[in-house]
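So the chains spell out like this:
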Amino acid sequence: DSEDQKKKICKGCGEPKLLKEFSDRQKSKTCYRSLCKTCRNKKHRLNGALLLHRLCAAFNNAKARAKKGDLEFNLDSDWIKSKNQQQNGACLLTGIPFECPPRHEKTQKNISSPFLPSIDKALHYDHYVQDNCRLVCNVINVAMNTWGLSPVAKMAVGLLTTLNCTIIPPPNKTLDQVIEEAAKF
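Mind showing me how you'd approach the packing of aromatic side chains here?
The geometry of an aromatic ring pair is captured by the separation of the ring centres together with the interplanar angle, meaning the angle of the planes. Using the criterion set out here, one finds two aromatic pairs in the structure. Taking the centre distance of 5.4 Å and the plane angle of 65° together, the rings of Phe59 and Phe73 count as edge-to-face. In this pair, Phe59 is assigned in helix α2 (residues 49-68) and Phe73 in the loop between α2 and α3 (77-86), connecting sequence segments 14 residues apart. By relative accessible area, Phe73 is classed as partly exposed at 21%.

Looking at this structure, how should I read the packing of helix α4 (residues 138-147) against helix α5 (residues 149-162)?
Packing of α4 against α5 brings their axes to within 7 Å, and their N-to-C directions diverge by 120°. As the angle between them shows, α4 and α5 are arranged oblique. Side by side, α4 and α5 meet where Ile140, Ala143, Met144 and Trp147 of the first sit next to Leu149, Pro151 and Val152 of the second. Here the contact of α4 with α5 is composed, by residue class, of seven nonpolar, no polar and no charged.

How do you make sense of the side chain of Lys17 when you look at a structure like this?
Locating Lys17 in the fold gives a position in strand β2 (residues 16-18). Put simply, Lys17 is tucked away with no salt bridge, and the nearest opposite charge, on Glu21, sits 4.3 Å away.

Just to check I follow, could you spell out the pattern of salt bridges for this structure?
Between side chains of opposite charge, pairing is possible as soon as their charged atoms come close. Summed over the entire model, instances satisfying the criterion amount to one salt bridge. Where Asp120 meets Arg134, a salt bridge forms, and the shortest distance between an N and an O atom there is 2.6 Å. A residue pair is termed long-range when its members are at least 10 positions apart, and Asp120 in strand β5 (residues 117-121) and Arg134 in strand β6 (residues 133-137) qualify at 14 residues. A relative accessible area of 8% places Arg134 in the buried class.

Scoring rules and cut-offs
- Residues numbered from 1 in each chain as written.
- Predicted model: local features only at pLDDT ≥ 70, side-chain atom pairs only at ≥ 80, totals over all residues.
- Heavy atoms only, no water.
- Phe/Tyr/Trp six-rings, centres within 6.5 Å; stacked < 30°, edge-to-face > 60°.
- Helix = DSSP H or I, 4+ residues; strand = E, 2+ residues; numbered from the N terminus.
- Buried < 20%, exposed > 50% of the residue type's maximum accessible area, 1.4 Å probe, protein only.
- Axes fitted to C-alpha atoms, helices over the stretch in contact; angles between N-to-C directions.
- Parallel < 35°, antiparallel > 145°, perpendicular 65-115°, else oblique.
- Contact = heavy atoms within 4.5 Å.
- Nonpolar A, V, L, I, M, F, W, Y, C, P; charged D, E, K, R; others polar.
- Lys, Arg positive; Asp, Glu negative; His and termini not counted.
- Salt bridge = Lys/Arg side-chain N within 4 Å of Asp/Glu carboxyl O.

Right, dumping it as C-alpha cells:
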C-alpha cells in the first residue's frame with residue numbers, strides 16, 4: 001500500500017478510513033487522532049467547543065473594533081457566556097440557533113457562516129458596554145450595520161410576502177406597527 005492508501009479504523013464511527021481523514025497527533029502511537037475529522041467535528045459540536053470558540057472570536061472581534069474606534073468596552077467572558085445561555089445558543093433577534101461549522105478540512109481555517117454568533121451594538125453610535133450589546137447571528141448584524149433593525153424587519157416581511165408566506169401580526173396590531181416597534185428593540 002502506498003502512504004495515500006493506508007487506512008485506520010475510526011473509534012467514533014467504526015469505519016476504516018484513509019489516514020488523510022484523521023488529524024495529526026504526534027503523541028499517539030500512529031501519529032493520528034483516534035477519531036476521524038468528521039466524528040471529531042460532531043463531538044466538538046455536541047459538547048459546544050466550536051460554539052465556545054466562535055463566541056470567543058466574536059468577543060475578540062468586538063474588543064478590537066472598540067479599540068480601533070476608541071470606544072469604551074466593558075464586556076467580559078462571563079457576559080457573553082451568560083447571554084448565550086439565556087438565549088439557548090440562538091440569535092436574540094431571529095431565534096435562529098448559532099451555527100459553527102468545523103474548520104476547513106484541508107486548510108484548517110475557520111469557515112464563515114451567516115449564523116455565527118456576533119456581538120451587536122443596539123445603538124450603533126454608542127459603546128461596547130453590556131447595556132448596549134446583544135448576541136445576534138452574523139447575517140442580521142451585517143444587515144443592520146448601516147440602517148438598523150427597522151429596514152431589515154421591513155425587508156424580511158417583503159421577502160416573506162414575495163415568497164407567499166403568511167404573516168400574522170399579533171392581535172390589535174398592524175404589520176406596520178410591528179415593524180415600527182422592531183426599530184425600538
